[in-house]
Amino acid sequence: MNLLRKARETGRTIDLVIIERKRHLNISDTAGSTALLDGCNCCAGGLSPRMCDILDDMQLDLPEEVIQSRVTSITVQGHWKNVEIAVPPERRMLSVFRGSKPAGRSDRTGSFDAFLLEKAVKDGAVLITGDVHEVGYSDTARPLVHYDTGAEKKTIEADFLVIATGVSHVAAMRNHESDLLGSLQVMIPGFTPPSLRGAIICELRVPEQTLAQMQGEVYFIQYGSADLRLEMCSIIPKTEFVTVVLIGPGIDRIEGHVERFEVVDRFLALPHVRKLLPGPHRLSCTCGPHMVTGVAGTAFADRVAVIGDLATSRLNKDGIYSAYETSRALANTLLTQGTDRLSLRRAYWPGVKAISRDNLFGRVVFLLHRITFSTPFLSRVLYQAIFTERKTKTSPHRRLERILWSIASGDASYRYILRLMLHPSTIWSIAIGGLMVTIRNYLAELLFGLKWRNLGRHTTGVYREQFGSKRRQFINLILQTGLGLPKRRDIEKMYTIKIKAPGDIIFERLGRFGNEDRGYFRPRFVDVRRVRGEPNREGSIIRYSVTPGFLSFNLMLERSTEHQHLVYRVLDGFAQGGVLIFEIEPLGKGKCGLSIYVTFDLSNGTGPLSRFTLSIFRVLFPAFLHDVVWNHSLCQLKDCIENQTCS
Ligand SMILES: Cc1cc2nc3c(=O)[nH]c(=O)nc-3n(C[C@H](O)[C@H](O)[C@H](O)COP(=O)(O)OP(=O)(O)OC[C@H]3O[C@@H](n4cnc5c(N)ncnc54)[C@H](O)[C@@H]3O)c2cc1C
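This report concerns the structure included in the present document. Nothing here was measured: the structure is a model prediction, and the numbers come from that model.

Rules used throughout
- Residues numbered from 1 in each chain as written.
- Predicted model: local features only at pLDDT ≥ 70, side-chain atom pairs only at ≥ 80, totals over all residues.
- Heavy atoms only, no water.
- Phe/Tyr/Trp six-rings, centres within 6.5 Å; stacked < 30°, edge-to-face > 60°.
- Buried < 20%, exposed > 50% of the residue type's maximum accessible area, 1.4 Å probe, protein only.
- Helix = DSSP H or I, 4+ residues; strand = E, 2+ residues; numbered from the N terminus.
- Pairing = 2+ DSSP bridges.
- Axes fitted to C-alpha atoms, helices over the stretch in contact; angles between N-to-C directions.
- Contact = heavy atoms within 4.5 Å.

The next subject is the packing of aromatic side chains. With the rule as written, the count across this model stands at 19 aromatic pairs. Seen from their ring centres, Phe-513 and Tyr-520 are 6.4 Å apart, and the 5 degrees between their planes marks the pair as stacked. On the basis of relative accessibility, which here comes to 1%, the residue Tyr-520 falls in the buried class. Cluster of aromatic residues (ring-pair linked, three or more members): Phe-513, Tyr-520, Phe-521, Tyr-544, Phe-553, Tyr-568, Phe-574, Phe-582, Phe-600 and Trp-630.

This next bit is on unusual backbone geometry. In the segment running from Lys-101 into Pro-102, the intervening peptide bond is cis, with an omega of 5 degrees. Structurally, Pro-102 can be placed in the loop between strand E6 (94-96) and helix H3 (112-122). Cis geometry marks the peptide bond from Gly-279 to Pro-280; its omega dihedral reads 5 degrees. Inspection of the secondary structure puts Pro-280 in the loop between helix H9 (271-276) and strand E17 (282-287). In this structure, Ala-141 takes a positive phi of about 65 degrees despite not being glycine. Along the chain, Ala-141 turns up in the loop between strand E8 (131-137) and strand E9 (143-148). You can call Ala-141 partly exposed: its relative accessible area is 45%. Positive phi, normally seen in glycine, also occurs at Asn-316, with a value near 65 degrees. Tracing the backbone shows Asn-316 in the loop between strand E20 (304-306) and helix H10 (319-336).

So, about the sheet that holds E9. Within the open sheet, the three strands sit side by side as E8-E9-E10. Their pairing is antiparallel. On the outer flanks of this sheet lie E8 and strand E10 (153-157), each paired with one strand and no other. In this sheet, neighbouring strand axes are inclined to one another by 20 degrees on average, regardless of whether the strands run parallel or antiparallel. Helix H5 (residues 180-187) rests against E8 and E9 of the sheet, and its axis sits at about 20 degrees to E8.

Encoded structure:
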């Protein structure tokens, strides 16, 4: 398309013929279409922000039936730590299917590749359905392409030949099932396909409710188990299916369907994966394609060039974008330099090499990423550093989040990402906001007996830029409820977590706050019990019996708005007059945000002894303990509701 459009801009005409082996879809209501193709490319179909920018630049508006999902958040998960990153408002990520598969799709015509081919045909390309099995030069040194349409064998003589077959057939080519690789190596002396790595891709049917609750999300799982070593696996929920891609040392040598099925089963049975995809699921298809990890020996000769995966690809990410980049570099070369070997070496090859050079930085990026997310301690430190950064820095200054976003979305070069990773400010953020806080919080968790076994950590801190507006909402609510605001607001804390459940279920579980069977908020030294009234009923009183006893106090539920708000007031004790609010906010189908707001003044006390004790307590009050306890409790509450783990 680039070639045709750019040629037209410069007043030139090019006859472009595309030979594609995928057959036309045999669907009666699509008879008018030129390019609705069957099959699949064994690709997860994630369109990175940079790829979406390209589509915009080329005015290629994807029709609704092609878009499988609009990604709103990415969650990076390693060793039970979950870091969710919202897709920045100015960026766009989509998912698509590349062909008509998986079988059983109700919208088989919505295919990204078919859409692009249609556009190319509209721009003037000729599309032939056929399998190219051999290439070579004619007597006049022009490329010859031999292809099989199924009905007959044909040959085209061209001025220039572009090979864009991807690598999914390289294994077959190597096994001499096709002459294509051998004949290509004769045409391009020194051509060898790039090095590859095995992957597994599968399409799952999951319960409707699970799929609805996952809409807009993408997960990157960095860790499997000691006997299923994984890295950078992805889970992409789409309209009817969930696409899962597995990569890692545990996948590299898997061969054959039976083994593949067995590995997918083991993946789905991993405890942290079961929490995301609780099942029952049905495997619609599974495949063992290859991912490119290297670069072709040479990718050009006179009047011929290799593009896309068969030349090289971005490591682990964004292969569609890098395939586009190689094709753009080639189109520019052909239009501005020439079709001979020297022109291609001068203008096209550097584009390919730039991708493979950047992959060297990518290797270090992924190594550091993998080590961090597969080590319990390091993943904890990073998780904590991100938590701290989120609460203390505004978006442009959140370096760690930018790094994770760029790695997961493919939105920056690996060289840039590595520079960010190794920058002294990043190391400082990890050391102070991560390591120091982790040590402190770890000791607090030991003190309060908070256990994380089989419990996912989620970042519950509120983004700094959202804190102000949310706080105003809570203050208005306190004023509407007729409660006075604590004068100084010595302590003011806010936490939030996403829970995949409807508001009424969360509300009901919050109603058990003072019950023995609540399943969350059970720190050592604090016994919480409803001593008056009914769950979630205004006027009910919850007693916090704390050791030491002078820290005990009572909370009264002042306002209860069905499935929305619970506003408690502290009746006595060191935080007398303080307020605790639970807020449930719908976030879409079957999903809610649960926020907690706490504010209180540290009391001055009444008698001389209590005044003295409380003044010392005020100086020493470890406000972070609140963060530690509520972070654990919110993660417990989420787990308890989503996975019915409450006892
Ligand atoms: C498991 C997996 C998941 C991936 N997920 C993503 C992702 O989410 N996002 C992303 O950006 N990248 C992803 N990639 C990478 C991406 O799929 C590739 O980088 C990209 O598809 C390369 O494009 P290509 O045009 O070179 O090859 P392909 O997409 O493989 O296209 C090659 C085309 O050539 C046709 N063809 C092949 N041989 C012949 C022949 N002999 N005659 C005629 N036609 C032929 C094929 O039918 C096919 O249509 C993934 C890769 C794998 C393995």
